[in-house]
Amino acid sequence: MPLTLDRTSPTTARVTRFFAAPPERVYAAHTDPEVLRQWLTGPDGWQMTRCEIDLRPGGHMRYDWQALDGSYGFHMIAEVLEVEEPSRILHVERMYLPDETPPNRVETRFQPQDGGTLLVMTMQVDEAETMDAMLATGMTDGMEASYAKLDAGFLRE
């Protein structure tokens, strides 16, 4: 089932996606750097070249992506605010595209539903223009391409 995105306010967007695997497995796939590097690659032609996760309050994350042809790359850094394993992660992230974007507060929930997991990711920024710019990047297409890889390869038993 592809993801859905709802703009719940001018500064808030909510992404939901169902996975046919228990929350513990979906959470683990989002928090294990070796697994994450294999599926969080966006559309074809991209790779994750760096994945660092210190998953504790006050910890940090860094993800780097590079086009396979070397023509473009960008990265994300985040500060972890709260962790409730295996059900919730709250962090504040900034993308470098290459310029730094405003902070994005991201809460990801892994909720049991119908024998699987409903992932609910709520993104909140300070200004509507920032959310407009985020959504205009086509990020949801890259997210769905990655989630499809996760669903097809890393959550199967």
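Details of the structure are given in the entry above.
About the cut-offs
- Sequence order as written defines the numbering, with residues in each chain counted from 1.
- Thresholds applied to this predicted model are a pLDDT of at least 70 for local features of residues and 80 or more for the giving and counting of side-chain atom pairs; totals over whole chains, interfaces and linings are not thresholded and use all residues.
- Note that water and hydrogens are dropped before the side-chain values are worked out from all heavy atoms of the structure.
- Note on conventions: DSSP H or I runs of at least 4 residues are helices, E runs of at least 2 residues are strands, and numbering of each starts at the N terminus.
- Think of a polar contact as two N or O atoms within 3.5 Å of one another; within protein, one of them needs to be a possible hydrogen donor and the other a possible acceptor, and neighboring residues in sequence only count if both atoms come from side chains.
- Working rule for contacts: check all heavy atoms of both residues, and any pair within 4.5 Å makes them a contact.
- In this description, strands pair whenever DSSP reports at least two bridges between them.
- All axes are obtained by fitting lines to C-alpha atoms, using only the stretch in contact for helices, and the reported angles, taken between N-to-C directions, cover 0 to 180 degrees.

(A) Here's a closer look at the environment of tyrosine 72. Tracing the backbone through its elements, the reader meets tyrosine 72 in the loop between β4 (60–67) and β5 (73–84). Only 2.7 Å separates the side chain of tyrosine 72 from the backbone oxygen of leucine 97, close enough to count as a polar contact.

(B) Main features of the side chain of threonine 130. Mapping threonine 130 onto the fold places it in helix α3 (residues 128–136). For threonine 130, the residues in contact, after removing those within four places along its chain, are Pro102 and Val125.

(C) Seen up close, the sheet that holds strand β7 (residues 104–113). Spatial ordering of the open sheet is given by β1-β2-β8-β7-β6-β5-β4-β3, a layout of 8 strands whose pairing is antiparallel. Whereas interior strands pair on both sides, the edge strands pair on one side only; in this sheet they are β1 (4–9) and β3 (46–53). Across the sheet, the axes of successive neighbouring strands diverge by a mean angle of 25 degrees, strand direction being ignored. Helix-sheet contacts for helix α1 (residues 23–31) involve β2 (12–19), β3, β4, β5, β6 (88–96), β7 and β8 (116–124), and the interaxial angle to β7 is about 150 degrees. Each of β1, β2, β7 and β8 touches α3; the most contacted strand, β1, lies at about 170 degrees to it.

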